[in-house]
Amino acid sequence: MLIRSSDPATPRAIRTNLLVERGDVDALVPAFERTREIIATDPIASNVERELLPGPGTDLEMHLRSTAMTMNHPSCSVAMGSEADSPLDEKRRVRGVESLRVADVSVLPRIPRADSTPHPSCSANAAPIPSRRIGRAVDRLVGSVGSGR
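What counts, and at which threshold
Residues numbered from 1 in each chain as written. Predicted model: local features only at pLDDT ≥ 70, side-chain atom pairs only at ≥ 80, totals over all residues. Heavy atoms only, no water. Buried < 20%, exposed > 50% of the residue type's maximum accessible area, 1.4 Å probe, protein only. Helix = DSSP H or I, 4+ residues; strand = E, 2+ residues; numbered from the N terminus. Arc of directions from axis to C-beta. Contact = heavy atoms within 4.5 Å. Polar contact = N/O pair within 3.5 Å; in protein donor to acceptor, adjacent residues only side chain to side chain. Core = buried A, V, L, I, M, F, W, Y, C linked by side-chain atoms within 4.5 Å. Patch = residues over 30% accessible without salt bridge, like charges linked within 9 Å, V, L, I, M, F, W, Y side chains within 5 Å. Areas by Shrake-Rupley, 256 points an atom, 1.4 Å probe, with all protein chains shown as cover. Salt bridge = Lys/Arg side-chain N within 4 Å of Asp/Glu carboxyl O. pLDDT = per-residue confidence, 0-100.

What to know about helix H2 (residues 60-67)
Taken together, the buried positions of H2 are occupied by Leu60, His63 and Leu64. The buried residues of H2 occupy an angular sector of 95° when the element is viewed end-on, so they sit on one face. What points out from H2, more than 90 degrees from its buried face, is the exposed set Met62 and Ser66. Looking at the buried residues of H2, the elements they touch are helix H1 (22-39). Sitting at the head of H2, Asp59 places a side-chain oxygen 3.0 Å from the backbone nitrogen of Glu61.

Written as structure tokens, this is what we have:
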């Protein structure tokens, strides 16, 4: 995520770096082609009238690059610690940015065994939850994950 302005109303830029690695594309195109082969065999083929998307003759790489998206909430993606190169300190404060903390699963040291998608009560459409409550919940979760509980 890139904060583009000191004005909080300015939308932030989100760069997922999806499909920037050539190997990712090189794996997805053949997987897409294999899926087409499977669908072209019975009993599936007899129930399929035609391919809707991307459609026969479409450049698969171009289609994948223009339509691929991530559907997960990245966990364990922000280093937290006392080291100077950690983006976050031990209290989840963003180094170099005053009054900003990370309060989600990106700070966890290990991927949780549960759904890490943000709860609806944390969405922009819901009533805001006080940040201290979120912080305390993340503190409890980070503590339990770190201790193996």
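There's plenty left to go through after this.
Describing the environment of Val105
Looking at where Val105 falls in the secondary structure, it is placed in the loop between H2 and helix H3 (131-146). Sequence separation between Val105 and Ser75 is 30 residues, and the spatial gap between their C-alpha atoms is 4.9 Å.

Some words on the nonpolar core
Ranked by size, the top nonpolar core spans five residues in total: Leu19, Val25, Val29, Leu60 and Leu64. For this core, the elements supplying multiple residues, two or more each, are H1 and H2. Beyond its immediate chain neighbours, meaning those up to four positions away, Leu19 contacts Asp24, Val25, Leu28, Leu64, Arg65 and Ala68.

With respect to the side chain of Arg92
Among the structural elements, Arg92 can be located in the loop between H2 and H3. A distance of 2.9 Å separates a polar atom in the side chain of Arg92 from the backbone oxygen of Val102.

Some thoughts on a nonpolar patch on the surface
Side chains of Ile38, Ile39, Ile44 and Val48 sit close together on the surface and give an oily, nonpolar patch of about 280 Å² of accessible area. Residue position: Ile39 is located in helix H1.

Here's the deal with the pattern of salt bridges
Under the defined criterion, the tally for this structure stands at seven salt bridges. Here Glu51 ties to Arg36 by a salt bridge, and the two come within 2.6 Å at their closest N and O atoms. Highlighted residues: Glu51 in the loop between H1 and H2 and Arg36 in helix H1, separated in sequence by 15 residues. By relative accessible area, Glu51 is classed as partly exposed at 28%.

Details of the confidence of the model for the protein chain
Note that predicted coordinates carrying low pLDDT should not be read in detail. Summing up the model confidence of the protein chain, the mean pLDDT is 79 and the portion of residues at 70 or higher is 74%. When pLDDT is averaged over each element of the protein chain, H1 comes out on top at 94 and H3 at the bottom at 59. This stretch, residues 120-130, has a pLDDT under 50; its non-local contacts, to residues over four places away or in other chains, come to six contacts. Low pLDDT, under 50, characterises residues 145-149; the predicted model gives this stretch seven contacts beyond four residues in sequence or across chains.

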